[in-house]
Amino acid sequence: MFKINYYSKDNLLIFFLVLAISAMAITPLFSIIISLLKIFFLNSSLDGKFLFEYIRNSFDILFFVIILTSIFGIIPSFLISFFSFWGVNFFKYALILSLAIPPYIFGYSLSSFFENYGTAYSLLKFFSPNIGNNLTLNLSAKTMTIISLSFSLFGYIYLLSMTTFNNQLGNYIEMSKTLGISKFRMIKSIILPLSRPAIFIGISLVAMETLSDFGTASFFGISTLTTGIYNSWFIFDDIQTSNLLSIVLLGFILFLFYVENKFQKKKKFHDSSYKSKKIKPKELKGFYNFLAFFVCFLIFFISFIFPLLQMIYWSIIHSNYFYNFDLLALNLNTLFLILTTSSILLTFAFLCNFGNRLLKNNFLNIISNLSISGYAIPGILISIAVITIFSTISDLLNIELKSVFIGSFIGLVFGYFFRFYSIAFNGIKSNYLKINYQIDESGYLLGLSKVKMFLKVHFPILKRNTFFIFILISLEIIKELPITLILRPFNFETFSTKAFEYASQDLIEAAALPSLFLVLWTTILILFSSKYFLKK
Amino acid sequence: MFFIISFVLFFSIFQSSLSNEINLYTTRHYEADYEIYRKFQNITGIKVNVVSGKSKPLEKRIIEEGKNCKGDLFFLADAGRLYSAEKKNLFQKIKSSLLNEKIPTHLRNDYWYGITKRARIIFYNPEYINSEKIKNLNYEDLGNKEWNDSIAIRQSNNVYNQSLVASLIYNLGEKKTSEWLENFVNNFYKTPMGNDRAQILAVAAGEAKLAIANTYYYALMLSGKKGKSQQEAAKKVKPLFPNKNNRGTHINISGIGVLKHSPNKINAIKFLEFLVSEEAQIHLSKNSFEYPIVENIEIPEILKLISKEFKEDKDTPVEIYGKFQTRSFNLMLEKKWN
């Protein structure tokens, strides 16, 4: 068997590189914990009863969002996988597009459409001039937050349940048909239990996004854990309490990570069992055909077409704002950020995964697993951590690093690195696990060097999926707001910062155009990779 | 990879090497501001580089950058935030007789200068309320029983509300303000939600009787810039300037200060002086519908029309908003103003 020589020069180099990258990725977590320690010596501005309210609101929202996203995700994926009806092939891809709309943009559309004298009123007025203003949907702020989050996040559950329905269930369903098991029992004892792990991963993704959401809850004015983090800092000037709240949040999210990990391990076991057969969809006729079409259409319409139309409507009605944008610069900035950040993230993730695979060192493994914690820390705290870390290093070493790292592209890319490294690392890891270790051993026995092993053996296998991970990272970067807002250099704008600027001065109609471009980018990226989305 | 890193390095070094420029941190997001920056560059040749964002993160960034801070100026909406930045030692004192001459004393101090002002006033729908009956209304009256289930106002985490309550603490004392808040919050027509404009719309629609909002939101709606339906709604509503028979209506400012380690101090002061020039003041007022800080500056027609009865509270120095903001927010939360 191939043995690792830990003391060889290049292994040591790999060891330290992996250690350095992973350790770097954990620094925000440490920075928060360290500043949290100070809380014991200071009086917190936070009253216990507020904390209770924050947690309660967060849980209320989480609970309903999980229920709604599960309904919106599982029902259409079930219909699309097992039945054939009007537009089934269209909806299969169209429903992923909901992921292109950030929840806060959905929130803007929802509230402006139904507000007093809002878009709904203007539209109806156009057709019948004598109409009064009695169209407002008197929904509470919490309900609107739940609706916005549910319609923009259900895509995760849809995608994951689509993949299990299509890739794993074929054989079982065929078998149960041969055995003459009733439809109800088939759903109850085969489909549900087998697809549960994947659906659970989807739910945990939804839960993470919901818990760390700031844009939507703050727009509707709901005090959640995340908005509490902002409030205690912005109003009470108490960054310690912000950190405390974020640790509570982090606790929840790490718990979800843990659960997800557990299920992912189980899922691997299922995966490796057989190659599954494709399910033959049953053709729906008449009323049922229409019903299935209608359900999918409704979800697609509300989640994607509705906010899109609202933005197009504003962009046309208020076309004068068009001249305020330097569209070329905004597009180039977006492209530049995507390319730089994802190439750095992917390089680091490849290196760490390769190093872990080669060295099989427990310590490195633990550190790399912790390195994904950034995804669970709200963006605003990541950016504060970046500023604190570099200014501390700069002061400690007495070297001028601040102007290089704070308010520069480098600092910005660091911020993205901390936040999104987990996507790159986990994405590559899950595919690396599919490559059999025996391949490595025979390669080394044949005298391949480590570099060659990676370039000639691993990379060609991982290549296809790398593109998919690149798309995932890009989607996040395009939609990202707080890190960009805080860490960017002078005169640097993205579509999301532009949209935010207008929305925060109550010119949502002017925010429509940058939002539209943002959605255009994300839509194109999703369409480019829709095949990967459904095959993964 | 190497190429990209060197590109980034080059880019960021290039960014900071230009000289005839000033660097501005701002929490204001108005397009009119960007036009002013361009005007300033056309006149003086000094380029204004901008980072906009929320006040506390920008504060944090400036503090941590310390002596290496490239920023020259910090532009903030709300006097309380100016106070917070001042207390954290972010600003330096500057000398400019021009600024002192043009800006009234209660709207500036040694460290920062007000540039525009806005009033936080009451809106009502004359279809439901007799104008005569409420013409002498004070903020203090909004706690009265007759306004039960009537008042629309945004949430307590809004800084303009905190400043309004802070001004009441200064004028009435904490105890009276607390009692007033108790009744005032009971008079809300529903749990606060939405921005200032949404409150005005609720009054236009007859859902609430009185709304509290900043003047420029109303002017913006009235101007038609927000579309016909919003203009139609604004026309149903009338503005009312409270406390006009005593200390005057509560106002707030946007203001700016020169940062402590400003590398381009002389240019920064030039920019400040430009902001209070007639040209800049007219431009800001015309586009953002705020009031000019400098007196006797021509204001847009719409603003003239709505401000006939505007009597400004000149007795309450705006910097006290900062002093009392935390206390006012605590009181608001205590009285269940969400």
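Engineer: Which parts of the structure should I look at to understand the overall build of chain A?
Structural biologist: Counting secondary structure elements, chain A contains 23 helices and two strands. Classification of the 536 residues of chain A by burial places 58% in the buried group. For chain A, the proportion of contacts with a sequence separation of at least 24, taken over those separated by at least 6, is 84%. Summing over all exposed atoms, chain A offers an accessible surface of approximately 23500 Å²; the carbon and sulfur share of this is 69%.

Engineer: Teacher, can you tell me more about the confidence of the model for chain A here?
Structural biologist: If pLDDT is low for a region, its predicted coordinates should not be looked at in detail. Residues and elements named next belong to chain A. When pLDDT is averaged along chain A, the result is 82, and 88% of the positions lie at 70 or above. Here helix H11 (residues 239-273) is the element of chain A with the lowest mean pLDDT, 64, and helix H12 (residues 286-317) is the one with the highest, 93. Under a pLDDT of 50 for its full length, residues 269-274 has, in the predicted model, five contacts with residues more than four places off or in other chains.

Engineer: For this particular structure, what's the right way to read the environment of Ser307(B)?
Structural biologist: Residue and element names in this part refer to chain B. Locating Ser 307 in the fold gives a position in the loop between helix H14 (301-306) and helix H15 (320-334). Sequence-wise, Ser 307 and Thr 215 are 92 residues apart; in three dimensions their C-alpha atoms are separated by 8.9 Å. Not counting residues within four places of it along the chain, the set of residues in contact with Ser 307 comprises Phe 241 and Tyr 291.

Engineer: Honestly, the interface of chain B and chain A in this entry has me stumped. Any pointers?
Structural biologist: Put simply, an interface is often sized by how much accessible area is lost when its parts join up. If you look at the interface, chain B gives 62 residues, while chain A gives 62 residues. For the pairing of chain B and chain A, the buried interface totals around 5400 Å² over both sides, and the portion due to carbon and sulfur atoms is 58%. The residue Glu115(A) makes a salt bridge to Arg197(B) at a minimum N-O spacing of 3.2 Å. If you look at where chain B meets chain A, you find 18 residue pairs in polar contact (both at pLDDT 80 or more). Of the residues contributing to the side of chain B that touches chain A, the split by class is 24 nonpolar, 20 polar and 18 charged.

Engineer: It is not clear to me how the nonpolar core should be interpreted in this structure. Could you clarify?
Structural biologist: Counting 273 residues, the largest nonpolar core has Phe85(A), Phe74(B) and Phe184(B) as the members making the most contacts within it. Broken down by element, the residue count for this core peaks at 14 residues, all from helix H17 (residues 409-432) of chain A.

Engineer: Just to check I follow, could you spell out unusual backbone geometry for this structure?
Structural biologist: The residue Asp78(B) is not glycine, and still its phi comes out positive at about 95°. Take Asp78(B): its relative accessible area is 0%, and that puts it in the buried class.

Engineer: Explain a positive patch on the surface here, please?
Structural biologist: Residues and elements named next belong to chain A. Together, Lys 177, Lys 183, Lys 280 and Lys 282 make up a positively charged patch on the protein surface. Along the chain, the position of Lys 183 falls in helix H8 (residues 183-212). The exposure class of Lys 183 is exposed, given its relative accessible area of 59%.

Engineer: Hey, could you run me through the packing of aromatic side chains in this one?
Structural biologist: Here the distance between the centres and the angle between the planes together describe a pair of aromatic rings. Taken as a whole and judged by the stated rule, the model has 56 aromatic pairs over all chains. Relative to Phe454(A), the ring of Phe350(A) lies with its centre 5.3 Å away and its plane at 70°, an arrangement referred to as edge-to-face. Of this pair, Phe350(A) sits in helix H13 (residues 327-359) while Phe454(A) sits in helix H19 (residues 450-479), placing them 104 residues apart in sequence. In this structure, Phe350(A) and Phe454(A) share a single accessibility class: buried. Considering the side-chain rings of Phe184(B) and Trp337(B), the 5.5 Å spacing of their centres and the 65° angle between planes classify their relative orientation as edge-to-face. Placement of Phe184(B) in helix H8 (residues 174-186) and of Trp337(B) in the segment after H15 is noted, with a sequence separation of 153 residues between them. An identical accessibility class is assigned to Phe184(B) and Trp337(B); each is buried. Ring-pair connections join several aromatic residues into one group, and the members of that group are Trp86(A), Phe90(A), Phe91(A), Phe293(A), Phe297(A), Phe300(A), Phe301(A) and Phe304(A). One residue, Arg357(A), lies across the ring of Tyr437(A), its end atom 4.4 Å from the ring centre.

Engineer: Explain the domain arrangement of chain A to me, please; I cannot follow it from the model alone.
Structural biologist: Residues and elements named next belong to chain A. Under the domain assignment used here, chain A contains domain 1 (1-38 + 324-536) and domain 2 (52-288 + 297-308). On the domain 2 side, the residues contacting the 36 residues of domain 1 number 39 residues. Here domain 1 packs against domain 2, burying approximately 3400 Å² in sum over the two surfaces, 76% of which is carbon and sulfur. Summed over the shared surface of domain 1 and domain 2, the result is zero salt bridges. Our count for the domain 1 to domain 2 interface comes out at three residue pairs in polar contact (both at pLDDT 80 or more). At the level of elements, helix H1 (9-37), helix H15 (379-397), H19, helix H21 (495-504), helix H22 (508-528) and helix H23 (530-535) are the ones that each hand at least two residues to the side of domain 1 that touches domain 2.

Engineer: Can you help me understand the pairing of strand E4 (residues 112-124) of chain B in this one?
Structural biologist: The side chains of a regular strand alternate between the sheet's two faces. Residue and element names in this part refer to chain B. Counted residue by residue, E4 has 13 buried out of 13 residues, so it is predominantly covered. Across seven bridges, the pairing between E4 and strand E8 (residues 251-258) is antiparallel. Looking across to E8, one finds that Thr 116 is bridged to Ser 254. Inspection of the sheet shows E4 paired to strand E9 (residues 291-292) by two bridges, in the antiparallel sense. Residue pairing for E9: Thr 116 is matched across the bridge by Pro 292. Of the pairings in the sheet, the one linking E4 to strand E6 (residues 210-214) comprises five bridges and is antiparallel in character. By the bridge assignment, Tyr 124 is partnered in E6 with Leu 210. Alignment of E4 against strand E7 (residues 238-240), held across three bridges, turns out to be antiparallel.

Engineer: When you look at helix H4 (residues 103-114) of chain A in this model, what are you seeing that I'm missing?
Structural biologist: Residue and element names in this part refer to chain A. Its twelve residues give H4 an end-to-end C-alpha distance of 17 Å, which sits within 8% of 16 Å, the value for a rise of 1.5 Å per residue. When you tally the buried positions in H4, you get eleven out of twelve residues, the bulk of the element. Considered for burial, the residues of H4 that qualify are Pro 103, Tyr 104, Ile 105, Phe 106, Gly 107, Tyr 108, Ser 109, Leu 110, Ser 111, Ser 112 and Phe 113.

Engineer: Would you take a moment to explain the packing of H8(B) against H15(B) for this structure?
Structural biologist: Describing two packed helices takes the angle between their axes plus the distance from one axis to the other. Residues and elements named next belong to chain B. At a closest axis distance of 10 Å, the pairing of H8 and H15 adopts a crossing angle of 35°. Of the two possible hands of crossing, H8 and H15 adopt the one that is right-handed. Across the interface between the two elements, Glu 174, Ser 178 and Leu 181 from H8 touch Arg 327, Leu 331 and Met 332 from H15. For the contact of H8 with H15, the class distribution of residues is three nonpolar, one polar and two charged.

Engineer: Teacher, can you tell me more about the pattern of salt bridges here?
Structural biologist: When the charged atoms of two side chains with opposite charge come close together, those side chains can pair. Per the counting criterion, the structure on display carries 31 salt bridges over all chains. Between Arg56(A) and Asp60(A) there is a salt bridge; the shortest N-O distance is 3.4 Å. Note that Arg56(A) and Asp60(A) are positioned in helix H2 (residues 48-82) at a spacing of four residues, about one turn of the helix. Note that Arg154(B) is salt-bridged to Asp196(B), the shortest N-O span being 3.4 Å. Here Arg154(B) is found in the loop between strand E5 (151-152) and helix H7 (159-172), whereas its partner Asp196(B) is found in helix H9 (residues 196-204), with 42 residues between them in sequence. Here Arg154(B) and Asp196(B) have matching classes, each one buried.

Engineer: Is there a simple way to explain the side chain of Asn161(B) in this structure?
Structural biologist: For Asn161(B), the position within the fold is in helix H7. On the basis of relative accessibility, which here comes to 0%, the residue Asn161(B) falls in the buried class.

What counts as what
Counting restarts for each chain: residues are numbered from 1 in the order of the written sequence. As a convention, the first chain written is A and the first ligand written is 1, with the rest following in written order. In keeping with the predicted nature of the model, local features appear solely for residues at pLDDT of at least 70, side-chain atom pairs appear and are counted solely at 80 or more, and the whole-chain, interface and lining totals rest on all residues. Side-chain measures were taken over the full set of non-hydrogen atoms in the model, leaving aside hydrogen atoms and water. Secondary structure is summarised from DSSP: a helix means a run of H or I of at least four residues, a strand means a run of E of at least two, and numbering begins at the N terminus for each. The buried label goes to any residue with under 20% of its type's maximum accessible area, the exposed label to any with over 50%, and the partly exposed label to all in between, with areas taken from a 1.4 Å probe on protein chains only. It only takes one pair of heavy atoms within 4.5 Å for two residues to be counted as in contact. Computed by Shrake-Rupley with a 1.4 Å probe, the accessible areas treat only the displayed protein chains as cover when residues are assessed. The quantity known as pLDDT measures the predictor's confidence residue by residue, on a range of 0 to 100. Accessible area that two parts lose when put together, evaluated with a 1.4 Å probe and summed over both, is termed the buried area. Any carboxyl oxygen of Asp or Glu within 4 Å of a side-chain nitrogen of Lys or Arg constitutes a salt bridge here. Distance and chemistry together define a polar contact, namely a pair of N or O atoms within 3.5 Å, with one atom able to donate a hydrogen and the other to accept it when in protein, and with adjacent residues in sequence counting only for side-chain atoms on both sides. Note that Gly is not counted as nonpolar here; it falls among the polar residues with everything else outside the nonpolar set of Ala, Val, Leu, Ile, Met, Phe, Trp, Tyr, Cys and Pro and the charged set of Asp, Glu, Lys and Arg. Residues belong to one nonpolar core when they are buried, are Ala, Val, Leu, Ile, Met, Phe, Trp, Tyr or Cys, and are joined through side-chain atoms within 4.5 Å. Two joining distances apply to patches: 9 Å for like charges and 5 Å for nonpolar side chains (Val, Leu, Ile, Met, Phe, Trp, Tyr), and every residue must have over 30% relative accessible area and no salt bridge. The positive count covers Lys and Arg only, the negative count covers Asp and Glu only, and His and the chain ends enter neither. For the purpose of locating charges, the reference atoms are NZ of Lys, CZ of Arg, CG of Asp and CD of Glu. Working definition: rings of Phe, Tyr and Trp (its six-membered ring) pair if their centres are within 6.5 Å, and the pair is stacked with planes under 30 degrees apart, edge-to-face with planes over 60 apart, and tilted otherwise. Any Lys NZ or Arg CZ found within 6 Å of a ring centre and within 35 degrees of that ring's normal is scored as a charge over the ring. What counts as a domain boundary in this text is fixed by an automatic or database domain assignment. Any two strands are treated as partners once DSSP identifies two or more bridges connecting them. Helix span, expected: 1.5 Å multiplied by one less than the number of residues in the helix. Axes here mean lines fitted to C-alpha atoms, for a helix over just the part in contact, with angles spanning 0 to 180 degrees between N-to-C directions. In a left-handed crossing the near helix is turned counterclockwise from the far helix by less than a right angle, and in a right-handed crossing that turn is clockwise.

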